[in-house]
Amino acid sequence: MSSWLVVLFCAIALGVGVLAGRLSRRDPEPLEPEGPVVPPDALIVAIESGAAALFVGSEDDVLDATEPARVMGLARGTRVASPRLLDLVRSVRRTGLADHATVERPGSTTTAPANLAVSVAPLLDGIVVVLARDISEERRIDESRRDFVTNISHELKTPIGAIGLLSEAVEKASDDPEMVIRFANRMQKESARLAELVQQIITLSRLQSDDPLREAKAIDVSAVVRRAVDRLAATAKARKVALTVADREPGEVLGDGAQLTDAIANLIANAIAYSHEGARVAVTCARRTNGDDEVVEIAVTDNGIGIGEDDTERIFDRFYRVDPDRSRASGGTGLGLSIVKLVAEAHGGSVSVWSKVGSGSTFTFKVPAWIPVESPSSPAHDNHQEAAS
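On a predicted model such as this, the values are computed, not experimentally measured, just so you know. (Residues numbered from 1 in each chain as written. Predicted model: local features only at pLDDT ≥ 70, side-chain atom pairs only at ≥ 80, totals over all residues. Heavy atoms only, no water.)

A.B. asks: Account for the overall build of the protein, naming residues and giving values.
C.D. replies: For the protein, the count of helices and strands is 12 helices and 14 strands. For the protein, buried positions account for 39% of its 389 residues. When contacts within the protein are restricted to residue pairs at least 6 apart in sequence, long-range pairs at least 24 apart make up 63% of them. Carbon together with sulfur atoms contributes 52% to the accessible area of the protein, which is approximately 22100 Å² in total. (Helix = DSSP H or I, 4+ residues; strand = E, 2+ residues; numbered from the N terminus. Buried < 20%, exposed > 50% of the residue type's maximum accessible area, 1.4 Å probe, protein only. Contact = heavy atoms within 4.5 Å. Areas by Shrake-Rupley, 256 points an atom, 1.4 Å probe, with all protein chains shown as cover.)

A.B. asks: Explain the sheet that holds strand β11 (residues 280-290) residue by residue, including any values.
C.D. replies: Pairing is mixed across the open sheet formed by five strands, whose spatial order is β9-β11-β12-β14-β13. Here the strands that pair on one side only, and so sit at the sheet edges, are β9 (242-247) and β13 (350-356). Averaged over all pairs of adjacent strands, the angle between strand axes in this sheet comes to 20 degrees, irrespective of strand direction. The sheet contact formed by β13 and strand β14 (residues 360-368) spans seven bridges and is antiparallel. Residue Ser352 lies in a different strand from β14, and its bridge partner there is Thr364. Contacts from helix α8 (residues 257-273) reach β9, β11, β12 (293-302) and β14 within the one sheet, and its direction differs from that of β14 by about 170 degrees. On the sheet, helix α11 (residues 336-346) packs against β13 and β14 and is oriented at approximately 25 degrees with respect to β14. (Pairing = 2+ DSSP bridges. Axes fitted to C-alpha atoms, helices over the stretch in contact; angles between N-to-C directions.)

A.B. asks: Which residues make up the sheet that holds strand β7 (residues 128-134), and what values go with them?
C.D. replies: In spatial order, the strands read β2-β1-β7-β6-β5; together these five strands make up an open sheet with antiparallel pairing. Two strands lie at the open edges of the sheet, namely β2 (62-65) and β5 (99-105), each paired on one side alone. Here the average twist between neighbouring strands, direction ignored, is 25 degrees. When strand β1 (residues 52-56) meets β2, the two strands line up antiparallel, connected through three bridges. Bridging across to β2, Leu54 finds its partner in Ala65. Contacts from helix α4 (residues 83-95) reach β1, β5, β6 (114-122) and β7, with the element oriented near 15 degrees to β6.

A.B. asks: Any chance you could break down the pairing of β11 for me, citing the residues and the numbers?
C.D. replies: In the sheet, β9 pairs with β11 via six bridges, with the strands oriented parallel. When the sheet's bridge partners are listed, Val245 is paired in β11 with Val283. Sheet analysis places β11 next to β12, joined by 10 bridges and oriented antiparallel. Directly across from Thr289, in β12, lies its bridge partner Glu294. What sits between the antiparallel neighbours β11 and β12 is a turn of two residues, in which Gly291 has the positive phi angle 65 degrees.

A.B. asks: Go over the nonpolar core, please, and point to the residues and values.
C.D. replies: Most often, soluble globular proteins have nonpolar side chains that are buried together. Of all hydrophobic cores here, the largest spans 41 residues; its most connected members are Ile264, Leu267, Ile268, Ile298 and Phe365. Contributing elements (two or more residues each) for this core: α6 (177-209), α7 (221-238), α8, β11, β12, α11 and β14. In terms of residues, this core owes the most to one element, α8, which gives eight residues. For Phe365, the residues in contact, after removing those within four places along its chain, are Leu260, Ala263, Ile264, Leu267, Val296, Glu297, Ile298, Val340, Val343, Ala344, Ser350 and Val351. (Core = buried A, V, L, I, M, F, W, Y, C linked by side-chain atoms within 4.5 Å.)

A.B. asks: Any chance you could break down the packing of α7 against α8 for me, citing the residues and the numbers?
C.D. replies: Viewed as axis vectors pointing N to C, α7 and α8 meet at an angle of 35 degrees, and their least axial separation amounts to 8 Å. The two elements α7 and α8 cross, and the hand of that crossing is right-handed. Residue-level contacts link Val224, Arg227, Ala228, Val229, Arg231, Leu232, Thr235 and Ala236 of α7 to Gly257, Leu260, Thr261, Asp262, Ile264, Ala265, Ile268, Ala269 and Ile272 of α8. Across the contact of α7 with α8, the residue classes tally to 11 nonpolar, three polar and three charged. (Left-handed = near helix turned anticlockwise from the far one by under 90°. Nonpolar A, V, L, I, M, F, W, Y, C, P; charged D, E, K, R; others polar.)

What follows is the structure in structure tokens.
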């Protein structure tokens, strides 16, 4: 059971306990302050649990609120911020029955729009307690998953449909060997594209569930770049694109070597796909100082067709293609750059792009550099101690 529901039950139980105590006491009631007061035990439970709790009085005034509730924007001064939430509070006070709902909170100068799952329950003297949980991220993930499934279905239909049509064409052209060979070649291309798409989907799914830093190892970045370049050397040669490497001894990073190699290979493959014959693709890896931190930068630069400003904002979205026809012709799936972004973020880094139409693009992949911690018995430590003495 989640903590906010526990708080709700505790608050109700405490309220009932206070009421039962009042009815059972024989001594005269002490003077109480005018107006409803939040049961102190209920407030303590809410604060200690860290819940976003709001206590609303009989006149719809906010009697008290925990800090998370204030940060969440449930109250504005002494008033409930959301009209929908206020209606729910009034309904619960009128019926005396707890209720649950999802409330959309509009954005303000200090808060972004959000979807809140709220539970509302009556306490004593017309006081109503509201417990809220921000479910905006959960909804965003659900919507992303739905969009992903929709896009996958659409993308898979294209090669599958093409293979079906081509197989029919082969059957009808059985007496024409030349046409059979032509259609068979097309089928092989579509099959290869389908296989690549399925593999990319599997890779993307694995990246979303795996944490490369959970069992991270020190990875030689120069070796990662060499493997990625070797993987694309034949493709670059076939497209008559010059592929060069400038290795400035970037050192090591912590993470998953296979994932990093896939990410850099995707950047190189993308650069080759959007370059003309005779173009150049340069891969540079170096260690940089970024404030107090050290990062490893791997830059992939081409002098190809470039990317427009509107496209650069969406270039890392799944299935997004700057030029769909060119991407499909080169076997692109629209998932390569989204995989690069996932790998970078999973390793605590980032990926960015600079581009100009007609001039080319530079994709920069950054991850934190690994700095080994010297043990007291290491040679470097011993040398330092000798120098100090």
